[in-house]
Amino acid sequence: MPPLLFAQTFAEHLLAEVAHLDFGDDVFGRTAGNWIAGGPHAMESALQSMRDKGTTTWLYRLGDASILGFGSLGPANWRIDNRRQEIVIIPHLGIQVQFQGGPAGVPSHGKYSRLLLRDLIARARAFDIEKRPFLGLYVHESNHKARDLYEKMGFVPIGQLNDEGYQRMLLKLVNPGGASLV
Ligand SMILES: CC(C)(COP(=O)(O)OP(=O)(O)OC[C@H]1O[C@@H](n2cnc3c(N)ncnc32)[C@H](O)[C@@H]1OP(=O)(O)O)[C@@H](O)C(=O)NCCC(=O)NCCS
């Protein structure tokens, strides 16, 4: 049986609990840690993004209440194929370093990373699928694990890398017949 994840909407009263989460020592891990732990006045943080951009963030907990990681969703307007499109984006997500690659011994589709992303995709579908039929995100070209993960979940790159080396990726949330693709 795959492990169960419990999603809890993130809010200011949970800041103390996320102050010392560890997403890894590289730049992507540190950025994830700063994003979730930053207060409402940090330059770029979950709370700031919730306040200013309409983002919702969830903490994902395991059965013993330990924090696996977090995921987030928010509205955005992207230029896709030369037209403006309302979409849902994943502003940020992360899995604590001790759980990355886990749980041990399960096939890829049962890994924590897949469970977390599948939950975010399901929530994105519930957002307003008629108006926002795509889920988008930015991933840095050198963040190979994240990029692999997104590709394996069906996201496809769109456009060129931006000046900072970030690639936009997009997942279509419904097919033309209206059925789910993932
Ligand atoms: C990105 C993140 C959520 C991925 O979760 P994870 O549990 O580490 O990833 P997974 O073990 O599921 O690996 C996903 C894929 O990356 C690749 N991969 C895994 N370990 C790898 C490694 N050491 N080197 C290169 N590629 C690797 C594999 O293709 C793997 O797919 P598989 O499970 O089918 O083999 C996690 O690493 C994380 O939180 N990183 C820090 C924050 C971050 O980068 N957030 C994303 C910002 S866009």
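Here, the structure is the one placed above.
Residues numbered from 1 in each chain as written. Predicted model: local features only at pLDDT ≥ 70, side-chain atom pairs only at ≥ 80, totals over all residues. Heavy atoms only, no water.

### Observations concerning the pattern of salt bridges
Enumeration over the complete set of coordinates arrives at six salt bridges. One salt bridge connects Glu 17 with Arg 61, and the closest N-O pair in it is separated by 2.8 Å. Linking Glu 17 in helix H1 (residues 15-18) with Arg 61 in strand E2 (residues 56-61), this pair joins segments that are 44 residues apart in sequence. Under the relative-accessibility criterion, Arg 61 is labelled buried at 12%. For Asp 52, the salt bridge is made with Arg 51, and the minimal N-O distance between the two is 2.8 Å. (Salt bridge = Lys/Arg side-chain N within 4 Å of Asp/Glu carboxyl O. Helix = DSSP H or I, 4+ residues; strand = E, 2+ residues; numbered from the N terminus. Buried < 20%, exposed > 50% of the residue type's maximum accessible area, 1.4 Å probe, protein only.)

### Re the packing of aromatic side chains
Across all of its chains, the model carries five aromatic pairs by this definition. Where Trp 35 meets Phe 70, the ring centres are 5.6 Å apart and the plane angle is 20 degrees; that geometry is what we call stacked. Residue Trp 35 is located in helix H2 (residues 27-37), and its partner Phe 70 is located in strand E3 (residues 67-80); the two are separated by 35 residues in the primary sequence. Over the face of the ring belonging to Trp 58 we find Arg 123, whose NZ or CZ atom lies 4.7 Å from the ring centre. The residue whose ring lies beneath Arg 168 is Trp 78, and the NZ or CZ to ring-centre distance is 4.8 Å. (Phe/Tyr/Trp six-rings, centres within 6.5 Å; stacked < 30°, edge-to-face > 60°. Lys NZ or Arg CZ within 6 Å of the ring centre and 35° of its normal.)

### Digging into the layout of surface pockets
In this structure, the largest pocket encloses a volume near 1200 Å³. Taken together, 44 residues make up the lining of the largest pocket; nearest its centre are Phe 28, Leu 93, Asn 143, Ala 146 and Tyr 150. Looking at the lining of the largest pocket, the elements with two or more residues in it are H2, helix H3 (46-53), strand E5 (93-95), helix H4 (112-128), strand E6 (134-140) and helix H5 (144-152). Sorting elements by how many residues they give to the lining of the largest pocket places H5 first, with seven residues. (1 Å grid on protein atoms, 1.4 Å probe; cavity = no way out; pocket = protein on both sides within 12 Å on 5 of 7 lines; lining within 4 Å. Points joined across faces, edges and corners; volume = space filled by probe spheres on them.)

### Let's talk about the pairing of E2
With respect to burial, E2 is a largely interior element, five of its six residues being buried. As defined by bridge partners, strand E1 (residues 6-9) adjoins E2 across four bridges and the pair is classed as antiparallel. Residue pairing for E2: Thr 9 is matched across the bridge by Trp 58. Where E2 folds back onto E3 in an antiparallel hairpin, the turn is made up of five residues, including Ala 65, whose phi is positive at roughly 75 degrees. (Pairing = 2+ DSSP bridges.)

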